[in-house]
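# Results of the structural survey
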Amino acid sequence: PVLIAQLAWFMHWKKFLIMKKIVILGSEGYIGTSVVDFLSKKKTFKIIGLDNLIYSQKNKLKTYINYDFNKIDIRNLKKTSKICKDAYCVIILAGLVGDPITKKYKKLSNLINLVAIKKLIKELNSQNIKKLIFVSTCSNYGIKKNKLLKETAKLNPISFYSKQKVEIEKYLLNNTFKFSKTILRFATAFGLSRRMRFDLTINEFVKTAFYNETLEIYHGNTYRPYCHVKDFGRIIYKMIKAPINKIDGEIFNCGSNSNNFSKIQISNFLKKKYHQLRIKKVSVNLDLRNYRVDFEKIKKFMKNKKNFVSINYGIKEISHFLKKNRDLNFIDYGNYKIIKK
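### Some thoughts on the sheet that holds strand 4 (residues 89-92)
With parallel pairing, the seven strands of this open sheet are ordered in space as 3-2-1-4-5-7-11. Edge positions in the sheet fall to strand 3 (67-71) and strand 11 (250-254), since each has one partner strand and no second. Pairwise comparison of adjacent strand axes, ignoring direction, gives a mean angle of 20° for this sheet. As paired strands, strand 5 (residues 131-137) and strand 7 (residues 180-186) are joined by seven bridges and run parallel to one another. Across the sheet, T137 pairs through a bridge with F186, a residue of strand 7. In this fold helix 3 (residues 77-84) packs onto strand 1 (20-25), strand 2 (45-51), strand 3 and strand 4, with an angle of close to 150° to the strand it touches most, strand 1.

Here it is, written out as structure tokens:
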């Protein structure tokens, strides 16, 4: 009986010893909560999240058994690097996300998105981590008409946000590190998340249609690619599981060729559900980004026939969410303002 008890004790603790330590920086954001949600279902991972809750969001993921949350700002290099030590994979999602918020808080954006992340990457070189995944953006391509852009296409960042992303990409690619490094250029996110945002194109369009407001479309024929938040988790999971020699130093456009759409095309999808939707086309706008992206590389890498989540699916799920939550204070559902740090 003693030996059986000892064996049972050993087997119980063995599973924790072999669990891979995954650190997610920015774990409580729109994307972060979805990635944690996906990875937490994998029993071989011990997930540690860091976030400074800069948008006043409440910590919504406390109930996960294999998720340990830490309220820490990545500018606290000592604490952040200590938590990252010996991690199998560190995923960098942290930062001020999006052009409006980075333009509004330029100084803070520079301190976090550029200075702090560079310092952290340098420090991680001595923390015995195996993999680093940097989440970047397809917005780095800027304006490229009539061409599907591969990862080798010339970057033309226009927004303050994408310029900072490009700077970190260059830092990773132009330096040697002890860990493997992978850059994921994600398409514009959409869909439901535990930390929901309605300041993103598709999410905002659905909200406007649901409340029977006039949908103002600026430069409706400009194209962008889109990626559902569920697919962020699915792609990052594959990167964690992949052999290092398959991802080290690689850049992946992340999304689906079938989700390259213009704003007018998205409004037409909405029209099918919301027949009374009023659309006003506006030609004056400072955001002239216009690009379509080639996602064949990530499609081959994923090696399965599961399709990426469609825009129509996103429209339906967000509409359903709004039906159940009609009285939301939308100022709490987006990257509109921050707590001064």
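So much for the structure itself; the text now carries on.
### Quick word on the packing of helix 5 (residues 106-124) against helix 6 (residues 160-173)
At their nearest, the axes of helix 5 and helix 6 sit 11 Å apart, and the two run at 15° to each other. Overall, the two elements helix 5 and helix 6 adopt an arrangement that is roughly parallel. For the crossing formed where helix 5 meets helix 6, the hand is right-handed. Of helix 6, the residues touching helix 5 (which contributes K106, S109, N110, N113, L114, I117, K118, I121 and K122) are F160, Y161, Q164, E167, I168, Y171 and L172.

### A closer look at the nonpolar core
Formed by 71 residues in total, the largest nonpolar core has its most connected members in L39 and I91. No other element matches the seven residues that helix 8 (residues 229-241) contributes to this core. Excluding residues that lie within four positions of it along the chain, L39 makes contacts with I22, I24, F45, I47, N66, I91, Y237 and I240. Within the second largest apolar cluster, 36 residues are counted, among which are I74, I101, L124 and F134.

### Observations regarding the packing of aromatic side chains
Counting across every chain of the model gives 14 aromatic pairs. Where F38 meets Y237, the ring centres are 5.8 Å apart and the plane angle is 55°; that geometry is what we call tilted. Here the residue F38 occupies a position in helix 2 (residues 30-39), and Y237 occupies one in helix 8, the gap between them amounting to 199 residues. The partly exposed category is assigned to F38, whose relative accessible area is 23%. Plain terms: the ring middles of F198 and F330 are 5.1 Å apart, the flat faces sit at 90° to each other, and that makes the pair edge-to-face. Of this pair, F198 sits in the loop between strand 8 (188-190) and helix 7 (201-210) while F330 sits in the segment after helix 12 (311-324), placing them 132 residues apart in sequence. Residue F198 is classed as buried on the basis of its relative accessible area of 1%. In this structure F330 comes out as buried when scored by relative accessible area, which is 17%.

### As for the side chain of S81
Tracing the backbone through its elements, the reader meets S81 in helix 3. Polar contacts involving the side chain of S81 include one to the main-chain carbonyl oxygen of K78, which spans 3.2 Å. Beyond its immediate sequence surroundings of up to four residues, S81 is in contact with L120, E123 and Q127.

### Some remarks on a positive patch on the surface
Taken together, the side chains of K273, K316, K323 and R326 make up a positively charged region of the molecular surface. Relative to the helices and strands, K273 resides in helix 10 (residues 263-273).

### Looking at the sheet that holds strand 12 (residues 260-262)
Spatially, three strands are ordered 8-10-12 in an open sheet, and the strand pairing comes out mixed. Either end of the sheet is taken by a strand with one partner, and the two such strands are strand 8 and strand 12. Pairwise comparison of adjacent strand axes, ignoring direction, gives a mean angle of 50° for this sheet. Contacting strand 10 (223-228) and strand 12, helix 10 runs over the sheet at an angle of about 90° to strand 12.

Calculation rules
Residues numbered from 1 in each chain as written. Predicted model: local features only at pLDDT ≥ 70, side-chain atom pairs only at ≥ 80, totals over all residues. Heavy atoms only, no water. Pairing = 2+ DSSP bridges. Helix = DSSP H or I, 4+ residues; strand = E, 2+ residues; numbered from the N terminus. Axes fitted to C-alpha atoms, helices over the stretch in contact; angles between N-to-C directions. Contact = heavy atoms within 4.5 Å. Parallel < 35°, antiparallel > 145°, perpendicular 65-115°, else oblique. Left-handed = near helix turned anticlockwise from the far one by under 90°. Core = buried A, V, L, I, M, F, W, Y, C linked by side-chain atoms within 4.5 Å. Buried < 20%, exposed > 50% of the residue type's maximum accessible area, 1.4 Å probe, protein only. Phe/Tyr/Trp six-rings, centres within 6.5 Å; stacked < 30°, edge-to-face > 60°. Polar contact = N/O pair within 3.5 Å; in protein donor to acceptor, adjacent residues only side chain to side chain. Patch = residues over 30% accessible without salt bridge, like charges linked within 9 Å, V, L, I, M, F, W, Y side chains within 5 Å. Areas by Shrake-Rupley, 256 points an atom, 1.4 Å probe, with all protein chains shown as cover. Salt bridge = Lys/Arg side-chain N within 4 Å of Asp/Glu carboxyl O. Lys, Arg positive; Asp, Glu negative; His and termini not counted. Charge placed at Lys NZ, Arg CZ, Asp CG, Glu CD.

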